[in-house]
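# Per-entry structural report
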Number of protein chains: 2
Amino acid sequence: MKNLVVMKFGGSSVATPELMKNIARRILKLQKKEKKKIVVVVSAPGKTTDHLIKLACDVNRNAGGRELDMLLATGEQQSIALLALAISSMGGKAISLTGPQVGIITDPHFTKARIRQIHPGRIEEELSRGRIVIAAGFQGKTESEEITTLGRGGSDLTAVALASVLEAEVCEIYTDVEGVYSCDPRIIPTAKKVEVITYDEMLELASAGAKVMQSRSMEVAKKFQVPLLIRSSFTFAPGTLVKEADMELEEVVVTGVTHDENQVKVTIPNVPDIPGVAAHIFGALARKNINVDMIIQSAAEGGINDISFTVRKEDLSPARSVMESIRKKFKSQTAVFQPDVAKLSIVGIGMRSHSGVAARMFKALARSGINIEMISTSEIKVSCVVKRENAVRGVKALAKEFGLNN
Amino acid sequence: MKNLVVMKFGGSSVATPELMKNIARRILKLQKKEKKKIVVVVSAPGKTTDHLIKLACDVNRNAGGRELDMLLATGEQQSIALLALAISSMGGKAISLTGPQVGIITDPHFTKARIRQIHPGRIEEELSRGRIVIAAGFQGKTESEEITTLGRGGSDLTAVALASVLEAEVCEIYTDVEGVYSCDPRIIPTAKKVEVITYDEMLELASAGAKVMQSRSMEVAKKFQVPLLIRSSFTFAPGTLVKEADMELEEVVVTGVTHDENQVKVTIPNVPDIPGVAAHIFGALARKNINVDMIIQSAAEGGINDISFTVRKEDLSPARSVMESIRKKFKSQTAVFQPDVAKLSIVGIGMRSHSGVAARMFKALARSGINIEMISTSEIKVSCVVKRENAVRGVKALAKEFGLNN
């Protein structure tokens, strides 16, 4: 739809009536000055969802499924009604629509439903009547009219999916930062804000620890080529545009550096080099829902391997018990856990066509006296595991090496 | 439906997780011990509705209409989900249904919608699967899928309407009192709890100041002959049954005495006795939404009348300005306002066939030295306006006269 903009506001942007009014003003400004048609997607206000989950657990320790979705969906329903009221008090024409009213049809997997299709008839009708549509994020309905929720990051997903089906010019994601930075501004105060970035780079940044948007929504945006604008709900700074790669973009070799301190390195020394060992180890971890990030297997000598991998800190305890069962089965040595590590990553679509980028990274770290414990690479990312005490120094060295600060 | 019971719980009964669990236990007990099919209707928890209205007014001083209903409907939706979770944590099988899911179709008058019809298919299906149905009170949807609310007392109305369409054995209304009392237990500690009462008597008691249930729901219960059981959600006392009159009932002359201190008496002296004066006065009051209760016109002498009536205290100020405009138009004397009055009423279906009941009331008041300022009667009610300071003494005298205490 020509001139259509989808705007998505998270819970912290609608936490109080005052913030709600700020957003209403912002929406009306975009409508009036730039003559845009507008669909707004909002999350539940502030801590509402956490509060509701606590209430649910108070009456049922195993709260979940259909009834939890019935409960949680009320959070966004409150946001949309209040925002529509705020807009109309300023003379605007707005209408709120719940997930079911918006026409978001999902599968029946309560608390983590997937969108099957969207019937945009109602939204299109309201837009054609000159109304601003305020849609509830995070929710939908099944074909049998049951209320479902989409799981973590669900409101982003609603925004991207609506922008796709309505063919919006852009999907604006409002957050508490002014966009995507080439490195963490808390570490490098002169960090550059990235003006344009590709979906793939954003996906790698997300998996490398940057938390602007969940991978799931980014994947959908990439799949349907929805241009995203990540920007602040508190300022009018231009933000970061996320879109498909083009020639101009490819000139930049490294777009960002990121670090992730939420890592534990696990090493199993002297694993017998027989077929199926790795499959068994990582199958056992997967069955316990333990997400494994980097995996390194050293060269086999004399039929014996070392296998190292990283898991998230919160999975340390279940990972220990899986390792204990592995040790018994394969009569291998006791696994070594190193909880004091961090992962440094550089991400950039230009790596595809520029050689030697990884080598520059290793050299820069070496110049700072930082030892590399593990290395892992993808087409547009290089990650190194280092001692956690070296993480901040490493980010500074890499930002300097690749010119990511002003 | 055979063996079906509708149970309705108000907001104070579901205000905390602990209370929620108490109710869940009570529902399961009824299901298991007495083998009942059960539909539960709940209101929003505690002060939720007030809190939501405050939020709405914070963003829009004139909050109302569709968006207010969108907001308020979330309160009951939270209650039904939490109650269903509480029941399932105790091993019961329950399913929550919103007003729209329950199939309550209303007209499109937001914030005060009227029920047009109910499609009970979904409820019947869930009941036949052995589930306890937890239905959201106070809400429904229009034919175009808009969420509506039913206005004050809406949850009672939902319960009565569902009990009617499902042909329930009884509709149990749970409150914070143990039933209907023949007089206010705070004044007469030995007040009798009424075991059986007719719809008409309950309607008269409601309009006379007793606040167990709103008239609107009582009228629907009477129209569709839904037996109501008013009882406490905190005890297992048997409560008060409300049903149509039968022979046994008619032996009781006076079922209850009630008093209402929220009254102001207004007198316009020397109104000219010309046609249309009364219509003009009460038309002007009605246009300002001022509810007039008792109206007395004294006999005309020499073409001059006194007109007296009562209004509720909160209408005192608008009533004054209406009276001032009347004074100018008819050049009558300034109206006299007496804010220190109270209304005493006796109600009983037996009055229809027993003469002299009003006289016994007047004599009893006279014996206590209480002067009567106004009198008004209906087929099953006699009301007297007295000085407020005499109200409590009057209730005691009437309770004694008609044997309403133990």
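Residues numbered from 1 in each chain as written. Chains lettered and ligands numbered in written order. Predicted model: local features only at pLDDT ≥ 70, side-chain atom pairs only at ≥ 80, totals over all residues.

Looking only at helices and strands, chain A has 13 helices and 18 strands in total. The C-alpha radius of gyration computed for chain A amounts to 24 Å, which stays within 12% of the reference 22 Å derived for 406 residues, consistent with globular compactness. With the C-alpha coordinates aligned to their principal axes, the bounding extent of chain A is approximately 75 × 50 × 30 Å. A burial count over chain A gives 48% of its 406 residues as buried. Of the contacts formed within chain A by residues at least 6 apart in sequence, a portion of 75% connects residues at least 24 apart. (Helix = DSSP H or I, 4+ residues; strand = E, 2+ residues; numbered from the N terminus. Rg over C-alpha atoms; globule rule 2.2 N^0.38 Å. Buried ≥ 20, exposed ≤ 12 C-beta atoms within 10 Å, placed from the backbone. Contact = placed C-beta atoms within 7 Å.)

Before going further, it helps to examine the sheet that holds strand 9 (residues 170–175) of chain A. All names here are of chain A. Reading across from one edge, 3-6-2-1-9-11-12-10 is the order of the eight strands in this open sheet, with mixed pairing throughout. Of all the strands in the sheet, just strand 3 (94–97) and strand 10 (196–198) have a single pairing partner and so form its edges. Between one strand and the next, the sheet's axes are offset by a mean angle of 25°, whatever the strand orientation. Here strand 11 (residues 228–232) pairs with strand 12 (residues 240–243) via three bridges, running antiparallel. Paired with Ile-230 across the bridge in strand 12 is Thr-240. Across the face of the sheet, helix 5 (residues 121–128) comes into contact with strand 2 (37–42), strand 3 and strand 6 (132–136) while running at roughly 150° to strand 6. (Pairing = 2+ DSSP bridges. Axes fitted to C-alpha atoms, helices over the stretch in contact; angles between N-to-C directions.)

Turning next to the sheet that holds strand 6 (residues 132–136) of chain B. Pairing between the strands of a sheet comes from backbone hydrogen bonds, and it takes one of two forms, parallel or antiparallel. Residues and elements named next belong to chain B. Taken in spatial order, the eight strands line up as 3-6-2-1-9-11-12-10 in an open sheet, and their pairing is mixed. Only two strands of the sheet have a single neighbouring strand rather than two, namely strand 3 (94–97) and strand 10 (196–198). Averaged over all pairs of adjacent strands, the angle between strand axes in this sheet comes to 25°, irrespective of strand direction. Those strands touched by helix 5 (residues 121–128) are strand 2 (37–42), strand 3 and strand 6, and its axis lies near 150° from that of strand 6.

Running from amino to carboxyl end, helix 2 (residues 48–59) of chain A crosses helix 1 (residues 17–34) of chain B at an angle of 40°, the nearest separation of the two axes being 9 Å. The angle between helix 2 of chain A and helix 1 of chain B places the two elements in the oblique class. The chirality of how helix 2 of chain A crosses helix 1 of chain B is right-handed. Across the interface between the two elements, Leu-55, Asp-58 and Val-59 of chain A of helix 2 of chain A pack against Pro-17, Met-20 and Lys-21 of chain B of helix 1 of chain B. Within the contact of helix 2 of chain A with helix 1 of chain B, the residues separate by chemical class into four nonpolar, no polar and two charged. (Parallel < 35°, antiparallel > 145°, perpendicular 65-115°, else oblique. Left-handed = near helix turned anticlockwise from the far one by under 90°. Nonpolar A, V, L, I, M, F, W, Y, C, P; charged D, E, K, R; others polar.)

Quick look at the interface of chain A and chain B now. Contacts between chain A and chain B engage 28 residues on the former and 28 residues on the latter. Among the elements of the structure, helix 1 (17–34), helix 2 and helix 3 (65–89) of chain A are those that each provide at least two residues to the side of chain A that touches chain B. Top element by residues in the side of chain A that touches chain B is helix 3 of chain A. It accounts for 14 residues. Taken together, the residues of the side of chain A that touches chain B break down into 14 nonpolar, nine polar and five charged.

Another point: unusual backbone geometry. Residue and element names in this part refer to chain B. A positive phi is found at Asn-3, a non-glycine position, where the angle reads about 70°. With respect to the helices, strands and loops of the structure, Asn-3 is situated in the segment before strand 1 (4–9). Under the C-beta neighbour-count criterion, Asn-3 is labelled exposed, with 12 such atoms within 10 Å. You will see that Asn-289, though not glycine, has its phi angle at about 60°, which is positive.

Residue and element names in this part refer to chain A. With respect to the element layout, Ile-296 can be found in strand 14 (residues 292–297). C-alpha of Ile-296 to C-alpha of Ser-308: the two residues are 12 residues apart in sequence and 5.1 Å apart in space. Not counting the four nearest positions on each side in its chain, Ile-296 is found in contact with Ser-308 and Met-374.

What follows is about the relation of the copies chain A and chain B. By a simple turn and slide, chain A fits onto chain B: the slide is 0.0 Å along the axis, the RMSD is 0.1 Å, and the turn is 180°. A rotation of that kind, with that shift, is consistent with a two-fold axis. It is Thr-74 of chain A whose C-alpha, among those of chain A, lies nearest the rotation axis, at 2.5 Å. Mapped onto chain B, 100% of the interface residues of chain A are again interface residues, and the two copies thus contact each other with one and the same surface. (Least-squares fit on C-alpha atoms with pLDDT ≥ 70 in both.)

Quick look at the environment of Met-218 of chain A now. Residues and elements named next belong to chain A. Note that Met-218 resides in helix 8 (residues 215–223). Along the sequence, Met-218 and Asp-156 sit 62 residues apart, while their C-alpha atoms lie 8.8 Å from each other. If sequence neighbours within four positions are ignored, Met-218 has contacts with Tyr-199, Met-202, Leu-203, Ala-206 and Met-213.

Turning our attention to the domain arrangement of chain A. Domain assignment breaks chain A into domain 1 (4–175) and domain 2 (257–401). Computed over C-alpha atoms only, the centres of domain 1 of chain A and domain 2 of chain A are separated by 39 Å. (Domains from an automatic or database assignment.)

With that settled, consider the pairing of strand 2 of chain A. Residue and element names in this part refer to chain A. Of all six residues making up strand 2, six are buried, and the element is well covered by its neighbours. Here strand 2 shows no split at all, with Lys-37, Val-39 and Val-41 on one side and Ile-38, Val-40 and Val-42 on the other all buried. Note that strand 1 (residues 4–9) and strand 2 share six bridges and pair parallel. Bridged to Lys-8 within strand 2 is Val-41. A crossover connection joins strand 1 to the parallel strand 2 through helix 1; in handedness this β-α-β unit is right-handed. Taken together, the four bridges between strand 2 and strand 6 define a ladder with parallel strand orientation. Bridge assignment links Val-40 to a residue of strand 6, and that residue is Ile-134. (Right-handed = clockwise from strand over helix to strand, strands pointing away.)

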